[in-house]
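Residues per chain, in single letters:
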Amino acid sequence: MVTKQDILNLIEEEDVRFIRLQFTDILGHMRNMAITSSNIEEALDNKCMFDGSCIKGFVDIEDSDLFLYPDLETFTIFPWRPHQGKVARLICDVRNPDGTTLECDPRNVLKNVVKEAEEMGYTFYVGPECEFFLFNTDERGNPTTEPHDEAGYFALAPIDNGENCRRDICLTLEEMGYSIKASHHEAAKGQHEIVFKYDDALTTADRIVTFRAVVKTIAKRHGLHATFMPKPIQGECGSGMHLTMSLMKDGKNVFFNEENPSKLSQTARRFTSGLLKYTPDMSCLTNPTVNSYKRFTPGYDAPCYISWSEKNRSLLVRVPASKGPEHARIELRSPDPTANPYLALAACLKAGLQGIKDDLPLPPSIDVNVYNLTDKEREALGVKKFPISLNEAVRIAKQSEFIKDLLGENLASRYFEAKEQEYDEYRKTINQWELEKYLIQY
């Protein structure tokens, strides 16, 4: 366990002069307050205050004073900053003046569900597969919509122009304590994937928000623009954030069952049932933007139907091949990297725990390509469609007791308001497709 004195010692030994106190708003955007090292003791004593009414969805102006409580375990020095006068960060929880947790702090939402799992004896482990695009920039450094390369899946340099940037991202992440499992060019032009080792849910969520900042920072140093927009190029595959999940209990992976041909335990099957049941309810958290739903198009590797399989990659949930007890897991393939990771992981965990509590039966594995079936055939198999728009996703979530219980009424109301405003802005926008389709035709 890291102590306050440990942090003070590191700051002195490493010549850290600047510390960023970071937290995440309800939409998953990283925010920060920067202090010099001379003020670190005040920060470590939880005395750094800010105006919470300026952060969308946190508090109203009449109750605007909020405080940052640094999580000492998250202290990290940024490798790309100067070697003298270094810059570090601490991820913080957000609290009210009386020290109580802020209901609308997304990190707090995840911690609450993690505690619920711990009370059942479980630790939730997650491994994210994060995809992103690299685009060229113009002469002023602004992003263009031109992919950095024309390469495809698992391509090599020199066709894969992003190899050097991707390598620097991986090396930077390793300097920050990440264990990188793999990195490669993805299927679309200019698209890349980096997979880091699974860990407990809170650590993983912290790493995802940090990962996004690191990718953008290193890409900019290469003269590129990195984006986690799910579907930036029409006619190409979009970017997902597949989540592989398992539960540990007493040091053992409770998703593993040697006797079952799929190696999945009854606990894993009930957890999967919960995910399938609550996928429509939580889709506005796992896929939170208008653009998120452009990714769910047949033929582009994103799951359009709510179903599962022991091997079929076309479905929402699949069971990756297992090489032993420690590798037994399930993979949820719908989330994308615009999701607030604290809310997305909290929703997945709560859905799975509810499946276990309610002893939900798992429907049969779908081992055929669901896209080749007729609507009647899919209906006969009990396969439902994934929500087709942010508007539909929010409408479902607003009616969901599951989501209200997960977020609390206050955060749920603020989140829905933000997403409805986003969809309304989109609805009022006249796009290029409409002009090309209707301007002359009518």
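One can find the structure itself at the top, above this paragraph.
What counts and how
Residues numbered from 1 in each chain as written. Predicted model: local features only at pLDDT ≥ 70, side-chain atom pairs only at ≥ 80, totals over all residues. Heavy atoms only, no water. Patch = residues over 30% accessible without salt bridge, like charges linked within 9 Å, V, L, I, M, F, W, Y side chains within 5 Å. Areas by Shrake-Rupley, 256 points an atom, 1.4 Å probe, with all protein chains shown as cover. Salt bridge = Lys/Arg side-chain N within 4 Å of Asp/Glu carboxyl O. Helix = DSSP H or I, 4+ residues; strand = E, 2+ residues; numbered from the N terminus. Core = buried A, V, L, I, M, F, W, Y, C linked by side-chain atoms within 4.5 Å. Buried < 20%, exposed > 50% of the residue type's maximum accessible area, 1.4 Å probe, protein only. Arc of directions from axis to C-beta. Axes fitted to C-alpha atoms, helices over the stretch in contact; angles between N-to-C directions. Parallel < 35°, antiparallel > 145°, perpendicular 65-115°, else oblique. Left-handed = near helix turned anticlockwise from the far one by under 90°. Contact = heavy atoms within 4.5 Å. Nonpolar A, V, L, I, M, F, W, Y, C, P; charged D, E, K, R; others polar. Pairing = 2+ DSSP bridges. Lys, Arg positive; Asp, Glu negative; His and termini not counted. Charge placed at Lys NZ, Arg CZ, Asp CG, Glu CD. Phe/Tyr/Trp six-rings, centres within 6.5 Å; stacked < 30°, edge-to-face > 60°. Lys NZ or Arg CZ within 6 Å of the ring centre and 35° of its normal.

**Student:** Sorry if this is basic, but what is going on with a nonpolar patch on the surface here?
**Tutor:** Judged by side-chain polarity, Ile430, Leu435, Leu439 and Ile440 come together as a nonpolar surface patch covering roughly 470 Å² of accessible area. The residue leucine 435 is located in helix α12 (residues 432-438) in this model.

**Student:** Could you clarify how one ought to interpret the nonpolar core in this entry?
**Tutor:** For soluble globular proteins, nonpolar side chains are generally found buried alongside one another. In terms of nonpolar packing, the biggest core is built from 124 residues, with Phe58, Phe211, Met245 and Phe271 touching the most fellow members. Per element, the largest residue contribution to this core is 11 residues, and it comes from helix α7 (residues 341-357).

**Student:** Looking at this structure, I do not really get helix α1 (residues 4-13). What am I missing?
**Tutor:** Each full turn of the α-helix corresponds to 3.6 residues, which orients residues three or four apart in the same direction. Buried residues of α1: Ile7, Leu8 and Ile11, and no others. Buried residues of α1, viewed axially, fall in a sector of 100°; they line one side. Looking one or two places after α1, you find aspartate 15, whose phi comes out positive at around 55°.

**Student:** How should I be thinking about the packing of helix α9 (residues 390-398) against helix α11 (residues 409-428) in this particular structure?
**Tutor:** Axes are the key here: two packed helices are described by the angle between their axes and the distance separating the axes. Two elements in contact, α9 and α11, have axes separated by 10 Å at closest approach and are oriented at 155°. As the angle between them shows, α9 and α11 are arranged roughly antiparallel. The hand of the α9/α11 crossing is left-handed. Contact with α9, carried on its side by Leu390, Asn391, Val394, Ala397 and Lys398, involves Phe416, Lys419, Glu420, Glu422 and Tyr423 of α11 and no other residues of that element. Across the contact of α9 with α11, the residue classes tally to five nonpolar, one polar and four charged.

**Student:** In this structure, what is going on with the pairing of strand β6 (residues 86-95)? I would like to understand it.
**Tutor:** It is a general feature of regular strands that their side chains alternate between the two faces of the sheet. Counting buried residues in β6 gives nine out of 10 residues, a clear majority hidden from the surface. Where strand β1 (residues 16-24) lies against β6, six bridges are found, and the strand directions are parallel. Directly across from arginine 20, in β6, lies its bridge partner arginine 89. Relative to β6, strand β4 (residues 65-70) is paired through four bridges, and the arrangement is antiparallel. Each residue of the ladder has a partner; that of leucine 68, found in β6, is valine 94.

**Student:** Is there a simple way to explain a negative patch on the surface in this structure?
**Tutor:** Side chains of Asp51, Glu62, Asp63 and Asp65 sit close together on the surface and give a patch of like negative charge. Summarising the element assignment, aspartate 63 is placed in the loop between β3 (48-51) and β4.

**Student:** It is not clear to me how the packing of aromatic side chains should be interpreted in this structure. Could you clarify?
**Tutor:** Each aromatic ring pair is summarised here by two numbers: the centre-to-centre distance and the angle between the ring planes. Within this structure, the stated rule accounts for 21 aromatic pairs. A ring pair is formed by phenylalanine 78 and tryptophan 80, whose centres lie 4.8 Å apart and whose planes are at 20°; its orientation type is stacked. Looking at tryptophan 80, the relative accessible area reads 16%, which means it is buried. Against the face of tyrosine 178 rests arginine 207, its NZ or CZ located 5.5 Å from the ring centre.

**Student:** What should I look at first to understand the environment of glycine 223 in this one?
**Tutor:** Along the chain, the position of glycine 223 falls in the loop between α5 (201-221) and β12 (224-227). Along the primary structure glycine 223 and proline 143 are separated by 80 residues, whereas in three dimensions their C-alpha atoms are 9.6 Å apart.

**Student:** Can you help me understand the pattern of salt bridges in this one?
**Tutor:** Close approach of charged atoms lets side chains of opposite charge pair. Per the stated rule, a full pass over the model turns up 22 salt bridges. The partner of arginine 31 in a salt bridge is aspartate 25, and the shortest N-O contact between them spans 3.0 Å. The exposure class assigned to arginine 31 is partly exposed, which follows from its relative accessible area of 30%. Assessed through its relative accessible area of 2%, aspartate 25 is described here as buried. Linking aspartate 424 and arginine 427 is a salt bridge whose minimum nitrogen-to-oxygen distance equals 2.8 Å. Taken together, the residues aspartate 424 and arginine 427, both in helix α11 and three residues apart, mark about one turn of the helix. For aspartate 424, a relative accessible area of 27% gives the class partly exposed.

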